[in-house]
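Next come the chains, spelled out residue by residue.
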Amino acid sequence: MKSIRDNCGIFAVYGQAPCAFTIYQGIDFLQHRGQQYCGIATYDGGVRQITHHGKVINQFTDQDLENLPGTWGIGHVSLRERQPVKWQSLQGEIAVAFSGNIINDQELKQEMMHRGKAFWRGYNVELISKIILEASDTVSGIADLAAKIRGAYSLVVLTREGIYAARDVYGFRPLILGQGPGQWVVSSESRALQNLDLEIVRDVQPGEIVLVNGSGFTTVRQLPSPRRAHCAFEWAYTASIDSIIDGLPVLAARQHLGAALAQRDQADGGLEADLVAPVPMSGIGHALGYHLHSRLPYQEVFLYNRYADRSYTQANQIAREKMAKRKLSVLHYAVKGKSIVLCDDSIVRGTQILNKVDDLKKAGAKAVHVRVACPPLMYPCDFGISTRTYEELMARKYLYQGDIDSLAALRQLEAWVAAQIGADSVKYNSMDHFVNALGLPRTDLCLKCWDGHRPQE
Ligand code: SF4
């Protein structure tokens, strides 16, 4: 099981008809961003809210949706916090849902507790809500977040006057606007809009606060943005392959990253192989890009078992690993005697790719050459993606200095990783190739996973 996990997805609708079912569908289309909790809040003279532990499709019932009246509302899927949260305040009843992470949360909580504030569970969303509610109005409260919070947030706030949608001043996490007849929608990713037959309007800009109501979208405040810092990992792994993030289609980005790996093999004198294959699902776009550039046949070598996706409910680690193994079974006929280029988005702890290489070798593969779209992961994320700790990152165990700009250092690391996972060769995209393949200015990206620099510092 891939050990990178997303944290949250948010969705909101303002319309003229009951909105609960649309929100249910919207958060279902964002389920890949978090599978632990799901929730919906709607406004009907006050806030109605229902949250569950588990996936949207398994947990929300018809009765739940009937108990969520109203024509505007917000929804959330999450890895670690149950949201939306509902509050009674002088601003009326509100509900808040957010995606991201607050680095200075302990500091902020201490300061607020010294002023007499109390916290229930200490969730980040609780902190965000209290900062918003301390202000005289919702817009000023959202604006105050920028001055107080170090970290990343995209958020939606459900109020009596409509829904506020906002993105932090760096634009770490995505947020996009869409519309249909009599409907205005906010989503973490465009795939929810596309799949609901809505038209994509535009991305929310870093630092922008948008009011969504019967007049459509109104920018009620634009905070100054020191720079953009879009999470580069969204295009490589986090976002769904059918989404468009900040104008760049995820599929195109992954194909470019795969093509860059093929170019590197060509530049190194070419690679003798029979086929290129993905580690499903995250390696598919990268393998396609490698195939299109190299002309090597594209072939699936693993079958994804869609009915074995409940590994988080297994009782212990051994049971979870067994279930994770059942998720991807080897297509023996396609593998036996073949030299395979195996593409994946990244290597975190190295356990998943080690198991996949082992599975292919046991099925009779002649050789397995692993190609990795992202440069070696050297630093954990501070901005809302669970990429594990320093100690768990495989590349970190070998290369303590984080010197991945040097091709010589990268080659040494690759030889070490290949030996660890039993592959015949391993190649990563270098930082330059990675950034060039994405095609966005380096200064518009967060690359902290790889270079250790927080864009805010
Ligand atoms: S640290 Fe990595 S995962 Fe986190 S926002 Fe930056 S690029 Fe994305």
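Notes on the structure follow. (Residues numbered from 1 in each chain as written. Predicted model: local features only at pLDDT ≥ 70, side-chain atom pairs only at ≥ 80, totals over all residues.)

Here the focus is helix H15 (residues 407-421). Taking 1.5 Å of rise per residue, 15 residues should cover 21 Å, and H15 covers 21 Å from first to last C-alpha, within 8% of that figure. Among all positions of H15, only Leu410, Leu413, Glu414, Val417 and Ile421 are buried. Considered in projection along H15, the buried side chains sweep an arc of 105° and stay on one side of the axis. Of the residues in H15, the exposed ones pointing more than 90 degrees away from the buried face are Ala408 and Ala419. On its buried face, H15 is in contact with helix H13 (351-362), strand S21 (367-372), helix H14 (394-398) and strand S22 (425-428). (Helix = DSSP H or I, 4+ residues; strand = E, 2+ residues; numbered from the N terminus. Expected span 1.5 Å × (residues − 1). Buried ≥ 20, exposed ≤ 12 C-beta atoms within 10 Å, placed from the backbone. Arc of directions from axis to C-beta. Contact = placed C-beta atoms within 7 Å.)

It is worth spelling out the site of the ligand at this point. By nearness alone, twelve residues border the ligand, and Cys231, Cys381, Cys446, Lys448 and Cys449 come closest of all. Here the shell around the ligand is composed, by residue class, of ten nonpolar, one polar and one charged. (Near = placed C-beta within 6 Å. Nonpolar A, V, L, I, M, F, W, Y, C, P; charged D, E, K, R; others polar.)

Turning to the packing of helix H9 (residues 250-267) against helix H16 (residues 431-438), a few remarks are in order. Viewed as axis vectors pointing N to C, H9 and H16 meet at an angle of 140°, and their least axial separation amounts to 8 Å. Classified by the interaxial angle, the pair formed by H9 and H16 is oblique. Considering only the axes of H9 and H16, their crossing is right-handed. Taken together, the residues of H16 that come into contact with H9 (itself represented by Ala253, His256, Leu257, Ala260 and Arg264) are His433, Phe434, Ala437 and Leu438. Its residues assigned to classes, the contact of H9 with H16 comprises six nonpolar, two polar and one charged. (Axes fitted to C-alpha atoms, helices over the stretch in contact; angles between N-to-C directions. Parallel < 35°, antiparallel > 145°, perpendicular 65-115°, else oblique. Left-handed = near helix turned anticlockwise from the far one by under 90°.)

Attention now goes to unusual backbone geometry. With an omega dihedral of 0°, the bond running from glutamine 83 to proline 84 counts as a cis peptide bond. Mapping proline 84 onto the fold places it in the loop between strand S4 (72-78) and strand S5 (85-89). Geometrically, the link from proline 280 to methionine 281 is a cis peptide bond, its omega value of -10° lying close to zero. Mapped onto the elements of the fold, methionine 281 is located in the loop between strand S17 (275-278) and helix H10 (284-294). A positive phi angle, near 60°, is found at aspartate 197, a position not held by glycine.

Closest axis-to-axis distance for the helix H5 (residues 124-134)/helix H6 (residues 138-148) pair is 7 Å, and the angle between their directions is 125°. The angle between H5 and H6 falls in the class oblique. As for how H5 packs across H6, the hand of that crossing is right-handed. Listed contacts from H6 to Ile128, Ile131, Ile132, Leu133 and Glu134 of H5 are Thr138, Gly141, Ile142, Asp144, Leu145 and Lys148. By residue class, the composition of the contact of H5 with H6 is six nonpolar, two polar and three charged.

So, to be careful, I would describe these as geometric facts and stop short of saying anything about function.
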